[in-house]
Amino acid sequence: SSNRTGSSPLTFILTGIPGLLMSSYWMALPLCCLYLLMLLGNCTLLWMIKTDHSLHTPMYYFLSMLALADLGLSLSTLPTMLAIFWFESTSLRFEACIVQMYFIHSFSAIESGVLVAMAFDRFVAICYPLRYTSVLTSSLIMKAGGVIFMRGICVVLPVAVLIKKMPFCRSRVLSHSFCLHQDMLRLVCGDVKVNSLYGLTAVILTKGLDSLTILLSYTMIIRTILNIVSQETQAKAFSTCISHLCAVLIFYIPLIGLSIIHRFGKHLPPLTHTLLADAYLLVPPVLNPLVYSWKTKQIRRRILILLCQKGP
């Protein structure tokens, strides 16, 4: 058993949506619309933050990092998703599958790290407002962005290296329209203890610690808000956190659901796995720009100004 059968290269067969014909254009069209909406929303956010000097603050710098992570996460799945539903192309070379898997998990870890940085931003802004500008300096923001980016790259790299050395001798049919580590691991014909252990460790060190840090930050934020006497000030302080809380829930709820059913939901129908995986990778990049545009006054005002300038 090896990664090659004779002289032919190893290929995986990707799966669209169970029970749906591969050439279903009514499914391909909404997918294209979702990707276009994702590109438009995140690129517009990046452009506004770059061109509007009033948005050159720590909160919006972190928001631009989130938009970049969302773009990377979506573009990692774009080629295979559209190839399946537009062209019925389901086969993917082993090396390409490894690369896609690496970028999906790397950008996912980066996005999780950015959400932690944004939670820290809200923590300092509400708990220590007078020290906000002195704590969140441009230098600190650049260093935080570099650490988040390098962590995403380095933590996931051993996952790709380890699985590249594994033999695949069972069915090569994957459960999704893209390559995920857990999905590839179940097709390995050999001992996967090291791969599983490191994969679990990587998840704990990234998304596990990140979620606990965000929870701790909001525990302290809520305690500070409750100590404020004025109810109007309380509501104003909490309203600055709503966009970030929505982004956290949009990212972590599908992620936790996907992790649970991969380990304990093998009896569930394949459609459940597929829909949760698609939601985990497609929903946050599409909804995050909409949430921040809707709940953030500065961005909403900037969009209205742009629309008025383009009007008659």
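Residues numbered from 1 in each chain as written. Predicted model: local features only at pLDDT ≥ 70, side-chain atom pairs only at ≥ 80, totals over all residues. Heavy atoms only, no water.

- In the annotation of an unreviewed UniProt entry, the entry for the protein chain reads Olfactory receptor, and the organism field reads Phaetusa simplex.
- The annotation that UniProt attaches to the protein chain under Sequence similarities (unreviewed entry) is "Belongs to the G-protein coupled receptor 1 family." (UniProt positions renumbered as here; feature names shortened; annotations may be inferred.)

1. Notes on the environment of Phe120
Reasoning step 1: With respect to the helices and strands, the residue Phe120 is situated in helix 3 (residues 94-127).
Reasoning step 2: Taking relative accessible area as the criterion, Phe120 reaches 35% and is therefore assigned partly exposed.
Reasoning step 3: The sequence separation of Phe120 and Ile214 amounts to 94 residues, and the corresponding C-alpha distance is 7.9 Å.
Reasoning step 4: The contacts of Phe120, once residues within four sequence positions are left out, are Val135 and Leu136. (Helix = DSSP H or I, 4+ residues; strand = E, 2+ residues; numbered from the N terminus. Buried < 20%, exposed > 50% of the residue type's maximum accessible area, 1.4 Å probe, protein only. Contact = heavy atoms within 4.5 Å.)

2. Some thoughts on helix 3
Reasoning step 1: Over its 34 residues, helix 3 runs 49 Å from end to end, which matches the ideal 50 Å to within 8%, given 1.5 Å per residue.
Reasoning step 2: Of all 34 residues making up helix 3, 28 are buried, and the element is well covered by its neighbours. (Expected span 1.5 Å × (residues − 1).)

3. As for a nonpolar patch on the surface
Reasoning step 1: A contiguous nonpolar patch, built from Leu205, Leu209, Leu212 and Leu215 and spanning about 400 Å² of accessible area, is present on the exposed surface.
Reasoning step 2: With respect to the helices and strands, the residue Leu215 is situated in helix 7 (residues 193-226).
Reasoning step 3: For Leu215, a relative accessible area of 56% corresponds to the exposed category. (Patch = residues over 30% accessible without salt bridge, like charges linked within 9 Å, V, L, I, M, F, W, Y side chains within 5 Å. Areas by Shrake-Rupley, 256 points an atom, 1.4 Å probe, with all protein chains shown as cover. Salt bridge = Lys/Arg side-chain N within 4 Å of Asp/Glu carboxyl O.)

4. Here we look at the packing of aromatic side chains
Reasoning step 1: Under the defined criterion, the tally for this structure stands at 9 aromatic pairs.
Reasoning step 2: Relative to Phe168, the ring of Phe12 lies with its centre 5.3 Å away and its plane at 85 degrees, an arrangement referred to as edge-to-face. In this pair, Phe12 is assigned in strand 1 (residues 11-13) and Phe168 in the loop between helix 5 (138-164) and helix 6 (181-185), connecting sequence segments 156 residues apart.
Reasoning step 3: Under the relative-accessibility criterion, Phe12 is labelled buried at 0%.
Reasoning step 4: Ring geometry for Tyr102 versus Phe103: centroids 5.6 Å apart, planes at 70 degrees, classification edge-to-face.
Reasoning step 5: Since its relative accessible area comes to 15%, Tyr102 is described here as buried.
Reasoning step 6: An aromatic cluster of three or more residues is present, and its members are Phe12, Phe94 and Phe168.
Reasoning step 7: Here the guanidinium or amino end of Arg131 rests over the ring plane of Tyr128, the centre of that ring lying 5.8 Å away. (Phe/Tyr/Trp six-rings, centres within 6.5 Å; stacked < 30°, edge-to-face > 60°. Lys NZ or Arg CZ within 6 Å of the ring centre and 35° of its normal.)

5. Comments concerning the nonpolar core
Reasoning step 1: Formed by 84 residues in total, the largest nonpolar core has its most connected members in Phe12, Leu63, Leu115, Phe168 and Met184.
Reasoning step 2: Of all the secondary-structure elements, those providing two or more residues to this core are helix 1 (25-51), helix 2 (58-87), helix 3, helix 5, helix 6, helix 7, helix 9 (242-264) and helix 10 (270-295).
Reasoning step 3: By residue number, the principal contributor to this core is helix 3, which donates 18 residues.
Reasoning step 4: Non-local contacts of Met184, meaning those with residues more than four positions away in its chain, are made with Phe12, Phe94, Cys97, Ile98, Met101, Ile163, Phe168, Leu174 and Cys179. (Core = buried A, V, L, I, M, F, W, Y, C linked by side-chain atoms within 4.5 Å.)

6. Section: the packing of helix 5 against helix 7
Reasoning step 1: Interhelical geometry of helix 5 versus helix 7 gives an angle of 165 degrees and a closest axis separation of 9 Å. Regarding the angle of helix 5 to helix 7, the classification is roughly antiparallel. Helix 5 and helix 7 meet at a crossing whose hand is left-handed. Across the interface between the two elements, Arg151, Cys154, Val155, Pro158, Val159, Leu162 and Ile163 of helix 5 pack against Val194, Asn195, Tyr198, Ala202, Leu205, Thr206 and Asp210 of helix 7.
Reasoning step 2: For the contact of helix 5 with helix 7, the class distribution of residues is 10 nonpolar, 2 polar and 2 charged. (Axes fitted to C-alpha atoms, helices over the stretch in contact; angles between N-to-C directions. Parallel < 35°, antiparallel > 145°, perpendicular 65-115°, else oblique. Left-handed = near helix turned anticlockwise from the far one by under 90°. Nonpolar A, V, L, I, M, F, W, Y, C, P; charged D, E, K, R; others polar.)

7. Re empty space enclosed by the protein
Reasoning step 1: Scanning the model with the defined rule gives 1 cavity of 30 Å³ or more in all.
Reasoning step 2: If you add up the space inside the largest cavity, you get close to 60 Å³.
Reasoning step 3: What lines the largest cavity is Met59, Phe62, Met118, Asp121, Arg122, Thr240, Ser243, His244 and Tyr292.
Reasoning step 4: Only helix 2, helix 3 and helix 9 provide two or more residues apiece to the lining of the largest cavity.
Reasoning step 5: When grouped by side-chain class, the residues that make up the lining of the largest cavity number 4 nonpolar, 3 polar and 2 charged. (1 Å grid on protein atoms, 1.4 Å probe; cavity = no way out; pocket = protein on both sides within 12 Å on 5 of 7 lines; lining within 4 Å. Points joined across faces, edges and corners; volume = space filled by probe spheres on them.)

8. Re the layout of surface pockets
Reasoning step 1: Of the volumes computed, that of the second largest pocket is approximately 610 Å³.
Reasoning step 2: Forming the walls of the second largest pocket are 21 residues, and the residues nearest its centre are Arg122, Lys236, Ser239, Thr240 and Gln298.
Reasoning step 3: Elements with a contribution of two residues or more to the lining of the second largest pocket: helix 2, helix 3, helix 8 (231-239), helix 10 and helix 11 (297-310).
Reasoning step 4: Within the lining of the second largest pocket, the residues separate by chemical class into 9 nonpolar, 7 polar and 5 charged.

9. Here's the deal with the state of the cysteines
Reasoning step 1: According to the stated counting rule, one finds 1 disulfide in the structure shown.
Reasoning step 2: With a sulfur-sulfur separation of 1.9 Å, Cys97 is cross-linked through a disulfide to Cys179. Here the S-S torsion is close to -115 degrees, and the disulfide linking Cys97 with Cys179 is therefore left-handed. Of this pair, Cys97 sits in helix 3 while Cys179 sits in the loop between helix 5 and helix 6; the two residues are 82 residues apart in sequence, bridging distant segments of the chain. No difference in accessibility class separates Cys97 from Cys179, as the two residues are buried.
Reasoning step 3: In this structure Cys32 is not part of a disulfide, and its nearest cysteine sulfur, from Cys33, lies 6.9 Å away. (Disulfide = S-S within 2.5 Å.)

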